[in-house]
Amino acid sequence: MTLGRTFGLIPFMRILLVTEEITASPSEGLLVFIMHICRYLSARHQLKVIYRDGDPEVRLDALPLLSGRLHSGKDIRNYLKNNLFDVIIYIPSSGMTGFGLLRAMLLGRHSKTPVMVIAMQHRHIGWLHRVLSLMPAPDKILTPVTGMRVALEALRINTGFIMPGFDGDLFKPVDSHQKVALRKKLNLPEDRFIILHVGHIKESRNLQLFLRYREWGDDILPLVKGGEVENSWRERLRQAGMIVMDQYTDDIHELYQASDLYLFPVSSSTGALDFPLSVIEASACGLPVLTTRFGALPDILDSDTDYMYFQQASEISSAISRMRNSSARPTSEKVRSFTWEKVFSLYLDPALGEFTPRKAE
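Read on for an overview of the structure. Residue numbers restart at each chain and count upward from 1, following the sequence in its written direction. Per-residue local features are limited, in this predicted model, to residues with pLDDT of at least 70; the limit for side-chain atom pairs, both in listing and counting, is 80 or more; totals at the level of whole chains, interfaces and linings are taken over all residues. For side-chain calculations, the full set of non-hydrogen atoms in the structure is used, while hydrogens and water are omitted.

### Things to note about the side chain of aspartate 349
For step 1, the next point in the chain: Each helix is a run of H or I in the DSSP string that is no shorter than four residues. Each strand is a run of E no shorter than two, and both are numbered from the N terminus. Tracing the sequence through the fold places aspartate 349 in helix α13 (residues 340-352).
For step 2, the next point in the chain: Exposure classes here rest on a 1.4 Å probe applied to the protein chains alone. A residue is buried below 20% of its type maximum, exposed above 50%, and partly exposed in between. A residue counts as positive if it is Lys or Arg and as negative if it is Asp or Glu; His and the chain ends are not included. Salt bridges are defined as contacts in which a side-chain nitrogen from Lys or Arg sits within 4 Å of a carboxyl oxygen from Asp or Glu. The buried charged residue aspartate 349 lacks any salt bridge, with arginine 44 as its nearest oppositely charged partner at 5.4 Å.
For step 3, the next point in the chain: Counted as a polar contact is a pair of N or O atoms within 3.5 Å, where, for protein atoms, one must be capable of donating a hydrogen and the other of accepting one, and residues adjacent in sequence contribute only when both atoms are in side chains. Only 2.7 Å separates the side chain of aspartate 349 from the side chain of tyrosine 40, close enough to count as a polar contact.

Right, here's the structure in full:
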């Protein structure tokens, strides 16, 4: 790649982004990623969006043409035939499953346009992927999952790396006076050590670890902010004495800034994005982070006294104690280069630069 492409100096392009779901009020990591990639691309290129469900931002040129069927019917085929694009970006909500790979291939076939897929979660690359790889594959697949990249490259599918980022205007450290003010605003107790977790409230998030929180210290209070919510887990957490918030908020950054530590307990590969957005956001706000060795995290973020990995639940209490007494630099130093603009400039722009703008026929 050239130096110019690395910093986003690529030709103006006509881009179609296709995804099953999009929203202006995202409550989970993939939808946040989709919102920000749309903002980034629409500010630099001619962007059109096709989706199935949701409520995209009004600034976007977006149409709900996608259906739940693999073949999306005459409307989408006519749209692809009547509009010229330099590249199609497909972000499957289910990740790089066989269905997602086949839909990407059909988008390329109907449009005769290069297709790039962005797959943010780990999925097993199995026999269906091997069979489909015998047909014309997507031109590029971007993912933070190392194992998937290796498996796809073995099938002669071109891959690259991408990751989520954070909004540097919102997610940043606050001082002790600001923290107190935020706790008053959010009606949170000022005399408790608040351990935060942000994400879906469901079985795959390993939330049972929080049920042992009374072992971690007399003043500790977990706060769980949910996206998708399983009612049984919400009630279990509340009955255990935790704070559970399950309504959407535009000011999620304030929950991080009002908290004392971030705990990410997820171990299942299906439980979160392979590079969890909440860990990036918590770090951007300067919180100490205690996390499992999940996905791409150990490959990119080194452990220290304010950012620690654990394997067993029995390790949590002593880790929290050490982190409370730490005087290490804030974790925001670890992620300062992970803003959305820097991430997309570094990883998305060079991938787009591999495609040549097409001349109108």
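### Regarding the pairing of strand β4 (residues 87-91)
For step 1, the next point in the chain: With five of five residues buried, β4 lies mostly within the body of the structure.
For step 2, the next point in the chain: Residue alternation in β4 divides its side chains into two sets, Val87, Ile89 and Ile91 and Ile88 and Tyr90, and both sets are buried.
For step 3, the next point in the chain: One crossover worth recording links β4 to the parallel strand β5 (residues 115-118) by way of helix α4 (residues 98-111), and it is right-handed. Crossovers are marked right-handed if the path from the first strand over the helix to the second runs clockwise, as seen with the strands pointing away from the viewer.

### Some details on the packing of helix α2 (residues 29-42) against α13
For step 1, the next point in the chain: For helices, the axis comes from a line fit to the C-alpha atoms of the stretch in contact; other axes are also lines fit to C-alpha atoms, and the angle between any two N-to-C directions lies between 0 and 180 degrees. Direction vectors running N to C along α2 and α13 enclose 70°, while the axes themselves pass 11 Å from each other. Viewed along their axes, α2 and α13 adopt a mutual orientation that is roughly perpendicular. In this structure, α2 uses Val32, Phe33, His36, Ile37, Tyr40 and Leu41 to contact α13, whose residues at the interface are Trp340, Glu341, Phe344, Ser345, Leu348, Asp349 and Leu352.
For step 2, the next point in the chain: When residues are sorted by character, Ala, Val, Leu, Ile, Met, Phe, Trp, Tyr, Cys and Pro go into the nonpolar class, Asp, Glu, Lys and Arg into the charged class, and all the rest, Gly among them, into the polar class. Class assignment of the residues belonging to the contact of α2 with α13 gives a composition of nine nonpolar, two polar and two charged. Roughly parallel here means an angle under 35 degrees, roughly antiparallel means over 145, roughly perpendicular means 65 to 115, and every remaining angle is called oblique. Throughout, a contact is declared for two residues whenever any of their heavy atoms are within 4.5 Å.

### Some points on the nonpolar core
For step 1, the next point in the chain: Residue types Ala, Val, Leu, Ile, Met, Phe, Trp, Tyr and Cys, when buried and joined through side-chain atoms within 4.5 Å, form a set referred to as a nonpolar core. Membership of the largest hydrophobic core comes to 69 residues, with the highest contact counts inside it found for Leu41, Ile118, Tyr256, Tyr262, Leu348 and Leu352.
For step 2, the next point in the chain: For this core, the leading source of residues is α2, giving nine residues.
For step 3, the next point in the chain: Every residue in contact with tyrosine 256, bar those within four places of it in the chain, is listed here: Phe171, Leu196, Val198, Tyr262, Ser278, Glu281, Ala282, Cys285 and Leu287.
For step 4, the next point in the chain: The next biggest cluster of nonpolar side chains, apart from the first, holds 26 residues, and it includes Ile50, Leu66, Ala104 and Ile157.

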